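Listed below, chain by chain, are the residues.
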Amino acid sequence: MIDWSAYRHFLGQAVPAFATLSPDTVKGLTTLDNAAKATNRLDAKTRELIALAVAVTTRCDGCIAVHSKAAVQAGATKEDIAEALGVAVALNAGAAAVYSTRALDAAEKAAGGA
């Protein structure tokens, strides 16, 4: 298993190092992150649960490390997190079902179908 605290520490050093190499990229990410919470219509806990679910669907360990801690700090319980992750699992399954129809269509076309 991953040592999430150590990984968060690593990211805390690696991202600023990346920013020295590509400052506009990290500045853009920071701008997007701030814009996502600017209206404050969603509370911090909800935003972090969404972020954690998206982190799972995009398979981003760094995002999981950062947003799991932020979700807990925002008051998310283990049960809250499990529910959000259940939504992520369902969406991935749904996306696979939808894309399965695309694959079947492509196979039909490859076989000479209309």
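Residues numbered from 1 in each chain as written. Predicted model: local features only at pLDDT ≥ 70, side-chain atom pairs only at ≥ 80, totals over all residues. Heavy atoms only, no water.

This part takes up the overall build of the protein. On a plain count of helices and strands, the protein comes out with five helices and zero strands. When the helices and strands of the protein are read in sequence order from the N terminus, they spell out α-α-α-α-α. For a compact globule of 114 residues, the expected C-alpha radius of gyration is about 13 Å, and the protein comes in at 19 Å, more than 25% above that figure. Judged by the C-alpha coordinates and their principal axes, the protein covers about 55 × 40 × 35 Å. Within the protein, residue pairs in contact and separated by at least 24 positions form 60% of the contacts whose partners lie at least 6 positions apart. Surface summary for the protein: the accessible area is close to 8,200 Å², and the carbon and sulfur share equals 64%. Within the protein, the 11 negative side-chain charges are centred at a point lying 4 Å from the centre of the 11 positive side-chain charges. (Helix = DSSP H or I, 4+ residues; strand = E, 2+ residues; numbered from the N terminus. Rg over C-alpha atoms; globule rule 2.2 N^0.38 Å. Contact = heavy atoms within 4.5 Å. Areas by Shrake-Rupley, 256 points an atom, 1.4 Å probe, with all protein chains shown as cover. Lys, Arg positive; Asp, Glu negative; His and termini not counted. Charge placed at Lys NZ, Arg CZ, Asp CG, Glu CD.)

This part takes up the packing of aromatic side chains. For the coordinates displayed, the defined rule picks out two aromatic pairs. Ring centres 6.5 Å apart and planes at 65° place the aromatic pair Trp4 and Tyr7 in the edge-to-face group. Of the two residues, Trp4 and Tyr7 are both situated in helix α1 (residues 4-21); the distance of three residues between them amounts to about one turn of the helix. By relative accessible area, which is 30% here, Trp4 ends up partly exposed. By relative accessible area, which is 25% here, Tyr7 ends up partly exposed. Centre to centre, the rings of Tyr7 and Phe10 are 6.1 Å apart; their planes meet at 10°, and the pair counts as stacked. (Phe/Tyr/Trp six-rings, centres within 6.5 Å; stacked < 30°, edge-to-face > 60°. Buried < 20%, exposed > 50% of the residue type's maximum accessible area, 1.4 Å probe, protein only.)

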